[in-house]
Amino acid sequence: MARILIVDDSPSQLLGIKRIVEKLGHETLSAEDGAAGVEVAKQEMPDLILMDVVMPNLNGFQATRTISKNAETAHIPIILVTTKDQETDKVWGMRQGAKAYVTKPIKEEELVKALQEFLPG
């Protein structure tokens, strides 16, 4: 069982992603914006982070860059989960340190596949 941090400012999206992750038997942590996501990542050291992009305070690209450039949290794989579906967004997200990019509306099988690819074991 892995500990997965879900960072999303939409309560309905958060709940939907949480259901998928918990159905797989994983524990979830959550944060409502990028700044809170960075703090939770530092404090809790999750096994993986699912990060929205469009959020107040610190957006998902900024939060991903902050987490992936910090020596303490750089090992945590980040999967961007977002409505931003342009190729340029995907390229930019990967440059910030994301390992994968899943677009909303989320297809459960796509998210499950991404989780399986980047979770240990």
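Residues numbered from 1 in each chain as written. Predicted model: local features only at pLDDT ≥ 70, side-chain atom pairs only at ≥ 80, totals over all residues. Heavy atoms only, no water.

In the nomenclature of an unreviewed UniProt entry, the protein corresponds to Twitching motility two-component system response regulator PilH from the organism Rhodanobacter soli.

Overview of the UniProt feature "domain: Response regulatory" (unreviewed entry) in the protein
The criterion, for reference: UniProt positions are given in the numbering used here, feature names are shortened, and annotations may be inferred rather than shown by experiment. Counting from the N terminus, the helices are the DSSP runs of H or I reaching at least four residues and the strands are the DSSP runs of E reaching at least two.
With numbering matched to this structure, UniProt assigns "domain: Response regulatory" (unreviewed entry) to residues 3-119. Between the C-alpha atoms that bound residues 3-119 there is a distance of 10 Å. The span itself is 46% helix and 20% strand.

Focus: the UniProt feature "modified residue: 4-aspartylphosphate" (unreviewed entry) in the protein
Rule in force here: Buried, partly exposed and exposed residues are distinguished by accessible area as a fraction of the type maximum, computed with a 1.4 Å probe on protein chains only: under 20%, between the cut-offs, and over 50%, respectively. By definition in these notes, contact holds between two residues if any of their heavy atoms fall within 4.5 Å.
With numbering matched to this structure, UniProt assigns "modified residue: 4-aspartylphosphate" (unreviewed entry) to Asp-52. Counting through the fold element by element, Asp-52 comes out in the loop between β3 (48-51) and α3 (60-69). Residue Asp-52 is classed as buried on the basis of its relative accessible area, which comes to 5%. Non-local contacts of Asp-52, meaning those with residues more than four positions away in its chain, are made with Val-7, Asp-8, Asp-9, Gly-60, Val-81, Thr-82 and Lys-104.

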